[in-house]
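Residues per chain are reported as follows:
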Amino acid sequence: MEGDAAVSHLAFLPARGATRRAATLIACGPGGYIHFWNIYKGGKIMSSFAATSEGTSLIAVNSSNTVLATGDSSGHVKLYNISEYCSEGTERSPPPVLSHWRAHTSVITCFEFVSGVASSELLLTGSDDCSARLWTGKGHYVGTLGQTTRWDIDDPESYAHPRVPRDVLSVSPEPIEIPE
């Protein structure tokens with residue numbers, strides 16, 4: 001992705017809208033970097049970091065603007081704690097990582113936080129590997145849409161965690177880390 005100047009995704013942080021010192025916009029790209037911007041100070045950049053060496057392909061932010069999800073071209077997801085990140089000025093380091101896991105065997109093409117349907121927030125991911133999967137906000141695998149074994153969204157005991165998707169196990173060159 002080196003030399004790629006495209007901005008692939010934007011996420012506005014409405015919970016920070018009234019705070020003029022804080023970053024209020026997150027951009028994915030160019031070059032796969034994550035950029036935090038303050039739109040009140042003439043588009044001032046507040047932070048920039050590479051979420052992965054593979055290049056970040058997409059971002060999403062939860063409804064409370066406290067968690068940033070990034071997805072990359074090799075199917076990895078990272079969740080960051082952004083509750084206080086760039087809230088009072090610029091930052092030199094990336095925000096703290098809450099969780100990291102391989103969700104798919106190919107590029108993640110879409111994801112979205114889902115609130116209000118379970119006791120905790122969920123993350124729905126889709127990929128070029130032709131699968132859509134559901135995860136808890138901690139990265140625990142709930143299941144793949146269309147699988148034969150059914151889960152009950154209100155019953156965490158029915159989730160597939162601590163297992164991981166079979167296709168991810170078969171292609172991962174590195175050991176699989178199961179989020180705690």
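Our structure's up above, just so we're on the same page.
Criteria and cut-off values
Residues numbered from 1 in each chain as written. Predicted model: local features only at pLDDT ≥ 70, side-chain atom pairs only at ≥ 80, totals over all residues. Heavy atoms only, no water. Helix = DSSP H or I, 4+ residues; strand = E, 2+ residues; numbered from the N terminus. Polar contact = N/O pair within 3.5 Å; in protein donor to acceptor, adjacent residues only side chain to side chain. Core = buried A, V, L, I, M, F, W, Y, C linked by side-chain atoms within 4.5 Å. Buried < 20%, exposed > 50% of the residue type's maximum accessible area, 1.4 Å probe, protein only. Contact = heavy atoms within 4.5 Å. Pairing = 2+ DSSP bridges. Axes fitted to C-alpha atoms, helices over the stretch in contact; angles between N-to-C directions.

Next up on the list: the environment of serine 64. For serine 64, the location among the structural elements is in the loop between strand E5 (56–61) and strand E6 (67–72). Each C-alpha atom, one on serine 64 and one on histidine 140, is 20 Å from the other, the two residues being 76 residues apart in sequence. One polar contact links serine 64 to threonine 66, side chain to side chain, over a distance of 3.0 Å.

Looking now at the nonpolar core. Membership of the largest hydrophobic core comes to 17 residues, with the highest contact counts inside it found for Ile26, Ile34, Phe36, Phe49, Leu68 and Ile82. Contributions of two or more residues to this core are made by strand E2 (25–28), strand E3 (33–38), strand E4 (44–50) and E5. Ignoring sequence-local partners within four residues, the contact set of leucine 68 consists of Ile26, Ile34, Phe36, Phe49, Ile59, Ala60, Val61, Lys78, Leu79, Tyr80 and Ile82. The next biggest cluster of nonpolar side chains, apart from the first, holds 15 residues, and it includes Val77, Leu79, Phe113 and Trp135.

A few words on the sheet that holds strand E7 (residues 76–81). Through backbone hydrogen bonds, the strands of a sheet pair up, either in parallel or in antiparallel fashion. Strand order in this open sheet of four strands is E5-E6-E7-E8, and the pairing throughout is antiparallel. In this open sheet, the two strands that pair with only one neighbour each are E5 and strand E8 (97–102). When strand polarity is set aside, the average angle formed by the axes of neighbouring strands in this sheet is 15°. As defined by bridge partners, E5 adjoins E6 across five bridges and the pair is classed as antiparallel. When the sheet's bridge partners are listed, valine 61 is paired in E6 with leucine 68.

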